[in-house]
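Observations on chain architecture
Listed below are the residues making up each chain.
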Amino acid sequence: MHDEFLIGIDLGGTNIKGALLDINGGIIEKKEIPTLANTGPEAVAGRIAGMITELEITARERSKGVTGVGIGVPGQPERSTGDVIFAPNLYWRNVPLVKYLRRKTALPVFLENDANVAALGEQWRGAGQGSANMVMVTIGTGIGGGIVLDGCLYTGANGAAGELGHTVIEPGGPQCSCGRRGCLETLTSATAMVRMAREAMDRGVITELFREENLEARDIIMAARAGDRLALEIVEKAAYYLGIGLGNIINILNPDTIVIGGGVSRAGELLFEPLCRAARENCLESAGSIVRIVPAQLGNDAGFVGAAQLVLQNTKR
Ligand SMILES: [Zn+2]
C-alpha cells in the first residue's frame, strides 16, 4: 500500500495537466491536453477520465496500483459532495465531477480549489519544502491564496479561507470584481498593474513602452527592468500594497514561509525587495523576523503535484 502511486490533475480553463507521481512526489509521467470547455462538462470530465486511465496503465506497467486521484479546479468545490459549485472559466455550475470520475475510474477522487492545491504542491516539493506553516499567494489576473498549517491544507469553516486577494487594503479604493472597493486584487494583480499604467498614460506621463494596445503586466515588468520610471513605480506600488496584505497575514498566522507565485513573481528583486520591506514594516517584529518571502519554484507543475498531495492529505490516518 505504501509505495503505490498517486495521480494529480490540474483542470484549467485552457488545458488539463495531469501526472502520475510516486509517494514522495517524484513525477513518473506527465500529460497535457486541451480543456475544450465549450464542449460541456460531461465531455471535459470524459477527457479527464481518459487521462486518468492512461496514467493508471503506466502505473500497472510498473506493477503499482494507484491510491487515488486529486483534482484542482479553477473555482469553488463542495468537498462533501465532490461537486464543482461554480467555475466561471469553464462555464460550470453544480457539476458532479467526483461522482462521475469515481464511476468511470473506480478510484477515490478528491477535489480542491486550484490556488489551494498549488500551495500544497509548493509546500510538498517546491519553495515551501520543509515548511510547516506556509502561505502561498499567486498573482495573476486576480490574486489567489492557499494556507498550509501544521502541514495540512487549511480551508476554513466552509472552504472559503485563503482569499487574501479580497482583503480590503485601501478603503474606497478601485472597484473590485467581488463588488467591494479597494481589495488587494485591485491594487496588486496583473490587471491592476495594467490599469495603473493606462491611468498614468491618460494623465500624460512620459514612458518608453506603452504604445501597444494589448498591454500586459509582463511588458510593464520588462520596461521596469530596462529602467522605465513609470514601470518601476508601478511594480513598486504593487509590491507596497501586497506587502501590507502580507504584513496582516504574518500577524495573524505567523507563517515561516510565504511563497509568491504567478507571472508577476518573475519580476525578481524588482518586486521582492520592496515587497519584503513593506511586509516587515507592516507586521510585528516577532513574527516578521522569522518569515521567508520567496518565489514559487514549481511553475505550472504546482497544480498537479499539489493535487497528488491532496490524496495523501485525505487518506492519511
Ligand atoms: Zn474583492
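Rules of the game
- Residues numbered from 1 in each chain as written.
- Predicted model: local features only at pLDDT ≥ 70, side-chain atom pairs only at ≥ 80, totals over all residues.
- Heavy atoms only, no water.
- Donors = N, O, S within 2.8 Å, 3.2 Å for Na, K, Ca; no water.
- Tetrahedral: all angles 85-135°; square planar, octahedral: opposite > 155°, others 65-115°.
- Buried < 20%, exposed > 50% of the residue type's maximum accessible area, 1.4 Å probe, protein only.
- Pairing = 2+ DSSP bridges.
- Helix = DSSP H or I, 4+ residues; strand = E, 2+ residues; numbered from the N terminus.
- Axes fitted to C-alpha atoms, helices over the stretch in contact; angles between N-to-C directions.
- Contact = heavy atoms within 4.5 Å.
- Core = buried A, V, L, I, M, F, W, Y, C linked by side-chain atoms within 4.5 Å.

Let us now look at the coordination of the zinc ion. Ligation of the zinc ion by protein atoms is provided by His 166 (ND1), Cys 176 (SG), Cys 178 (SG) and Cys 183 (SG), these donors lying 2.1 to 2.4 Å from the ion. Viewed at the metal, the four donor atoms of the zinc ion are separated by angles of 103 to 122°, and the geometry they form is tetrahedral. One chain supplies every donor for the zinc ion, spaced along it as H-x9-C-x1-C-x4-C. You can call Cys 178 partly exposed: its relative accessible area is 36%.

A few words now on the sheet that holds strand 9 (residues 134–139). What the five strands build is an open sheet, ordered 11-10-9-12-13; its pairing is mixed. Bordering the open sheet on either side are strand 11 (152–154) and strand 13 (292–295), each of which pairs with just one other strand. Within the sheet, the average angular offset between the axes of one strand and its neighbour, ignoring direction, is 25°. With four bridges joining them, strand 12 (residues 257–261) and strand 13 adopt parallel strand pairing. The residue of strand 13 that forms the bridge with Thr 257 is Arg 292. Along the sheet face, helix 3 (residues 114–125) touches strand 9, strand 10 (143–149), strand 11 and strand 12 and points at about 50° away from the line of strand 10.

What follows concerns the nonpolar core. Nonpolar side chains tend toward joint burial in soluble globular proteins. In this structure, Val 137, Ile 220, Leu 246, Ile 258, Ile 260 and Ile 293 are the most contacted members of the largest nonpolar core, which totals 47 residues. When residues of this core are traced back to their parent elements, those giving at least two are strand 9, strand 10, helix 5 (190–202), helix 6 (217–225), helix 7 (229–253), strand 12 and helix 8 (269–281). When residues in this core are grouped by element, the largest group, 12 residues, is from helix 7. When near neighbours in sequence (up to four residues on either side) are disregarded, Ile 260 contacts Val 137, Ile 139, Leu 242, Leu 246, Ser 265, Phe 272, Leu 275, Ile 293, Val 294, Pro 295 and Ala 296. Listed in part, the 31 residues of the second largest apolar core include Leu 20, Leu 55, Val 84 and Leu 107.

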